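# Observations on the three-dimensional arrangement
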Amino acid sequence: MLEVVSTLAQWRGLTESLRAEGRSVGLTMTMGALHAGHTALLERAARECDASLASIFVNPLQFNDPSDLERYPVDLEADLGVCERSGVRAVLAPPVAEVWPDWPAPTPTVVHVTGLTEVFEGAHRPGHFDGVAGVVAKVAIATGECRGYFGEKDFQQLSVVRQLVGDLGIPMTVVACETVREADGLALSSRNVRLTDTGRAAALSLSRALRAGRDAIERGDGVLAAHAAMARVAAEEPEVELAYAAAVEPATLRVPASLAPGAVVRLLIAGTVEGIRLIDNVEAVAGAAP
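Let me begin by describing the structure that accompanies this report. Just so it is clear, the structure is predicted and the values come from calculations on it, not from any experiment.

What follows concerns empty space enclosed by the protein. Counting across every chain of the model gives 3 cavities of 30 Å³ or more. Approximately 1,000 Å³ is the volume attributed to the largest cavity. Every residue lining the largest cavity is counted, 43 residues in all, and those nearest its centre are Met31, His38, Tyr72, Asp154 and Gln157. Listed by contribution, the elements that provide at least two residues to the lining of the largest cavity are strand E2 (25–30), helix H2 (36–48), helix H7 (128–143), strand E5 (146–151) and strand E9 (276–285). Broken down by element, the residue count for the lining of the largest cavity peaks at 6 residues, all from H7. Class assignment for the residues of the lining of the largest cavity results in 20 nonpolar, 13 polar and 10 charged.

In structure tokens form, the structure reads like this:
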């Protein structure tokens, strides 16, 4: 039966007892509003670890727009049902005061990952990744040695978590999981439910743009050609306001000056559709096309 824990102290005790029994721990951190993308993470953790655990916490420090926080969908009972069906052993679902006792006042200690957090989504949402880094550090430290499952859907967040875990020596092995998509290619996101049918159709231009950029990289056309290809496809859809489309080095998120054959890049894209910001990404290998 699924166990629901509301305090970090109880969570620490639970995970320590699991490891004392010789069980490996897998952790999936979420903000709820669980969809098939989350289910894929939870089920993979259940397959690969003796105990699949999850956290459900709408982290207010990740929202630089209060209205975004107010609109965020919350249905804990439904999310707990998803967790139970996905083989989760226990869920950490704390109140805000448990994680951030000073909220809504600023938290005195801020975890900041320099370099990765000032660009792309970080430039659009100042402080967002500080909020991500803070809650990941706090929950991961309380969890202890584990495998942490994170989706590639938010590749910048994944990069931040990898840097954070390595720099602070947090005993978590970060496991990157492929983006889950609808049959038509749209990346799953809790924000998709806010799109109208027209907006959803327009949003598909983001994944089409990524395919065009990947084709350019794999033909060996280079970074600038990939940028132009993605921008051109996105511009074909008037409902999309493109924020950025870039080919970056996966570890640093820097745009490379050139690409040697076989070099791996990550294509990042973001745009606004019906006032809703959507992100997506794919991997590409230079010169990989036959």
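The structure having been displayed, the exposition proceeds.
Taking 1.5 Å as the rise per residue, helix H9 (residues 197–218) with 22 residues should run 32 Å; its terminal C-alpha atoms sit 33 Å apart, in good agreement. Once H9 finishes, Gly220 follows within two positions and takes phi at roughly 85°, a positive value.

Next up on the list: the pattern of salt bridges. Here the structure, examined in full by the defined rule, presents 12 salt bridges. Between Arg89 and Glu3 there is a salt bridge whose closest N-O contact spans 3.0 Å. Of this pair, Arg89 sits in strand E4 (residues 88–92) while Glu3 sits in strand E1 (residues 3–5), and the two are 86 residues apart along the sequence. Overall, Arg89 belongs to the partly exposed group, its relative accessible area being 29%. Accessibility expressed as a relative area gives 34% for Glu3, which makes it partly exposed. Close ionic contact of Asp221 with Arg219 constitutes a salt bridge, the shortest N to O distance being 2.9 Å. Residue classification places Asp221 among the partly exposed positions, given a relative accessible area of 40%.

Our next topic: H7. Here H7 is 16 residues long and its end C-alpha atoms lie 23 Å apart, about the 22 Å a rise of 1.5 Å per residue gives. Taken across its 16 residues, H7 has 13 buried, putting it largely inside the fold.

For the coordinates displayed, the defined rule picks out 2 aromatic pairs. Ring plane angle 75° and centroid distance 5.8 Å describe the contact between Phe63 and Tyr72, whose orientation is recorded as edge-to-face. Assigned by exposure class, Phe63 and Tyr72 land together as buried. For the ring pair Phe120 and Tyr244, a centre distance of 4.9 Å and an interplane angle of 55° mean the geometry is tilted. Of this pair, Phe120 sits in the loop between helix H5 (96–99) and helix H6 (121–124) while Tyr244 sits in strand E7 (residues 240–248), placing them 124 residues apart in sequence.

Moving on, we get to the packing of H7 against helix H8 (residues 155–168). As a packed pair, H7 and H8 sit with axes 10 Å apart at the nearest point and diverge in direction by 50°. In terms of orientation, H7 and H8 fall into the oblique class. Here the hand of the crossing between H7 and H8 comes out right-handed. Between H7 and H8, the contacting residues are Phe129, Val132, Ala133, Val136 and Ala137 on the first element and Gln156, Gln157, Val160, Val161 and Leu164 on the second. Looking at the contact of H7 with H8, its residues break down into 8 nonpolar, 2 polar and no charged.

Quick notes on the rules
- Every chain is numbered independently, its residues counted from 1 as its sequence is written.
- Since the coordinates come from a predicted model, pLDDT governs what is reported: local features require at least 70, and pairs of side-chain atoms require 80 or more to be given and counted, while whole-chain, interface and lining totals use all residues.
- As a rule here, side-chain values come from all non-hydrogen atoms in the structure, and water together with hydrogens is ignored.
- Cavities and pockets are defined on a 1 Å grid built over the protein atoms alone: a cavity is a set of grid points where a 1.4 Å probe fits but cannot escape, while a pocket is an open set with protein on both sides within 12 Å along at least five of seven lines, and lining residues are those with an atom within 4 Å of any such point.
- Grid points are joined across faces, edges and corners, and a volume is the space filled by probe spheres set on the points.
- Secondary structure follows DSSP: runs of H or I at least 4 residues long count as helices, runs of E at least 2 residues long count as strands, and numbering of each begins at the N terminus.
- Here the term charged refers only to Asp, Glu, Lys and Arg, the term nonpolar to Ala, Val, Leu, Ile, Met, Phe, Trp, Tyr, Cys and Pro, and the term polar to all other amino acids, Gly among them.
- Expected span of a helix: the number of residues minus one, times 1.5 Å.
- The term salt bridge refers to a side-chain nitrogen of Lys or Arg lying within 4 Å of a carboxyl oxygen of Asp or Glu.
- Burial classification: accessible surface area is computed with a 1.4 Å probe over protein chains only, and a residue below 20% of its type maximum counts as buried, one above 50% as exposed, and the rest as partly exposed.
- Any two rings among Phe, Tyr and Trp, with Trp reduced to its six-membered ring, count as a pair given centres within 6.5 Å; such a pair is stacked if its planes are under 30 degrees apart, edge-to-face if over 60, and tilted if neither.
- To get an axis, a line is fitted to the C-alpha atoms, and for a helix only the part in contact is used. The angle between two axes follows their N-to-C directions and goes from 0 to 180 degrees.
- In this scheme, roughly parallel covers angles under 35 degrees and roughly antiparallel covers those over 145, while 65 to 115 is roughly perpendicular and the rest are oblique.
- By convention the crossing between two helices is left-handed if the near helix lies anticlockwise of the far one by an angle smaller than a right angle, and right-handed if it lies clockwise.
- Whether two residues are in contact is decided by their heavy atoms: any pair within 4.5 Å suffices.

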